[in-house]
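Fold and contact review
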Amino acid sequence: MKKDRAQRDDLSHFGRLAEYNRKRHFGVTPEPQGKLGRPNRKTLEFVVQKHRASRLHYDFRLEHDGVMLSWAVPKGPSTDPANKRFAMQTEDHPIEYNQFEGVIPEGEYGGGTVMIWDRGTWEPEVDDVEKALAKGDLKFKLNGKKLCGSWVLVRMRPRQWLLIKHRDTAASEEDITAAKPRSAVSRRSLAGIARKAGATPRQLAQAQEADRSAAIPAE
Ligand code: MN
């Protein structure tokens, strides 16, 4: 069914966000529709969204060329340079997505609770981001509430990257996802977000389970 729909609808005018739009039913999901942002802005945004979908992961997104380049990081970012975190590149997201905290309905793509775990600005530490992406070696600096300092994304295989903290004053052996499990914008837990957004009992239970694994008491 979904394939038929994709073939029928020409989404090419969405450019880099065609895949994002193809995967979602905007009459059902509260996620924003994918519109291209202004490219080459002076200040670039980054966001990390904690997402309890079929399983818990962290979506790491960097603004580039009017979209958010996106990677799903199953274990989440680590501030310890000894930890190389697997990061699967996913479809580009709209910049507006950085504001999204809520619940994607069951049965929809990525169904589950989404938390804005961290956000801020980023700066490339390379002259040409496009070239660095093509090479599979992007060095950058984060200015977030939780994540700061110098980082690198290194591509191992097509779409498969590693996210690694560089050694600097922002590096730490502290387990940041466990130490700072709550929303950077609302201080809410996943369960708090799920309940407010009218999650199903199953989605709420999954959010509570993810909170418990991060040592947040039941809410
Ligand atoms: Mn996700």
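In the block above lies the structure referred to throughout.
Quick caveat, the model's predicted, so the values are computed rather than measured.

**Overview of the overall build of the protein**
Looking only at helices and strands, the protein features six helices and nine strands. For 219 residues, the compact-globule formula gives about 17 Å, and the C-alpha radius of gyration of the protein, at 17 Å, lands near that figure. Within the span of the protein, comprising 219 residues, buried residues form 49% of the whole. Long-range contacts, defined as pairs at least 24 residues apart, comprise 57% of the intrachain contacts of the protein with a sequence gap of at least 6. If you sum the accessible surface of the protein, you get close to 11000 Å²; carbon and sulfur atoms cover 50% of it. Side-chain charges of the protein comprise 39 positive and 30 negative groups, with the mean position of each set lying 2 Å from the other.

**Focus: the coordination of the manganese ion**
Geometry reference: four tetrahedral donors at a metal, ideal angle 109.5 degrees. Six octahedral donors, ideal angles 90 or 180 degrees. Note on the manganese ion: its protein donors are His-51 (ND1), His-57 (NE2) and Asp-59 (OD). The metal-donor distances range over 2.1 to 2.3 Å. Asp-59 sits in the buried class, given a relative accessible area of 6%.

**Considering the pairing of strand 9 (residues 160-165)**
Of all the six residues making up strand 9, five are buried; the element is thus mostly covered by neighbouring parts of the structure. Bridge count for strand 4 (residues 84-93) against strand 9 is five bridges, and the pairing is antiparallel. Bridge pairing links Met-88 to Gln-160 in strand 9. Sheet analysis places strand 8 (residues 148-157) next to strand 9, joined by six bridges and oriented antiparallel. Paired with Leu-153 across the bridge in strand 9 is Leu-163. Hairpin geometry of strand 8 and strand 9 is characterised by an intervening segment of two residues between the two adjacent antiparallel strands and by a positive phi of about 70° at Arg-159.

**Things to note about unusual backbone geometry**
Unlike most non-glycine residues, Asp-65 shows phi in positive territory, near 60°. Secondary-structure assignment places Asp-65 in the loop between strand 2 (56-64) and strand 3 (67-73). In this model, Arg-187 sits at a positive phi of 65°, which is unusual for a non-glycine residue. Relative to the helices and strands, Arg-187 resides in the loop between helix 4 (176-179) and helix 5 (190-196). Since its relative accessible area comes to 55%, Arg-187 is described here as exposed.

**With respect to the side chain of Asp-211**
Along the chain, the position of Asp-211 falls in helix 6 (residues 201-213). No salt bridge is formed by the buried Asp-211; its nearest oppositely charged neighbour, Lys-50, is found at 4.9 Å. A distance of 3.4 Å separates the side chain of Asp-211 from the side chain of Ser-189, its partner in a polar contact. Only 2.9 Å separates the side chain of Asp-211 from the backbone nitrogen of Ala-191, close enough to count as a polar contact. When sequence neighbours within four positions are dropped, the list of residues in contact with Asp-211 reads Ser-189, Leu-190, Ala-191 and Ile-216.

**Here we look at the pairing of strand 8**
Sheet topology places strand 7 (residues 137-144) next to strand 8; seven bridges connect them, and they run antiparallel. By the bridge assignment for strand 8, Asn-143 is matched with Cys-148.

**Some remarks on helix 6**
A rise of 1.5 Å per residue sets the reference length of helix 6, with its 13 residues, at 18 Å; its end C-alpha atoms lie 18 Å apart and thus fit the reference within 8%. Taken together, the buried positions of helix 6 are occupied by Gln-203, Leu-204, Gln-206, Ala-207, Ala-210 and Asp-211. Buried residues in helix 6, looked at end-on, bunch into an arc of 160°, giving them a common side. Seen from the buried face of helix 6, the exposed residues on the opposite side, beyond 90 degrees, are Pro-201, Arg-212 and Ser-213. Elements in contact with the buried residues of helix 6: strand 1 (44-52), strand 2, strand 5 (102-104), strand 6 (112-124) and helix 5.

**Some remarks on the pattern of salt bridges**
Two side chains that carry opposite charge are able to pair once their charged atoms sit near each other. Counted under the stated rule, the structure contains 15 salt bridges. A salt bridge links Asp-59 to Arg-61; the shortest N-O distance between them is 3.6 Å. For the pair Asp-59 and Arg-61, a shared accessibility class is recorded, and that class is buried. Each member of the salt-bridge network shares a partner with another, and the members are Glu-19, Lys-23, Arg-24, Glu-31 and Glu-91.

The rules behind the values
- Residues numbered from 1 in each chain as written.
- Predicted model: local features only at pLDDT ≥ 70, side-chain atom pairs only at ≥ 80, totals over all residues.
- Heavy atoms only, no water.
- Helix = DSSP H or I, 4+ residues; strand = E, 2+ residues; numbered from the N terminus.
- Rg over C-alpha atoms; globule rule 2.2 N^0.38 Å.
- Buried < 20%, exposed > 50% of the residue type's maximum accessible area, 1.4 Å probe, protein only.
- Contact = heavy atoms within 4.5 Å.
- Areas by Shrake-Rupley, 256 points an atom, 1.4 Å probe, with all protein chains shown as cover.
- Lys, Arg positive; Asp, Glu negative; His and termini not counted.
- Charge placed at Lys NZ, Arg CZ, Asp CG, Glu CD.
- Donors = N, O, S within 2.8 Å, 3.2 Å for Na, K, Ca; no water.
- Pairing = 2+ DSSP bridges.
- Salt bridge = Lys/Arg side-chain N within 4 Å of Asp/Glu carboxyl O.
- Polar contact = N/O pair within 3.5 Å; in protein donor to acceptor, adjacent residues only side chain to side chain.
- Expected span 1.5 Å × (residues − 1).
- Arc of directions from axis to C-beta.

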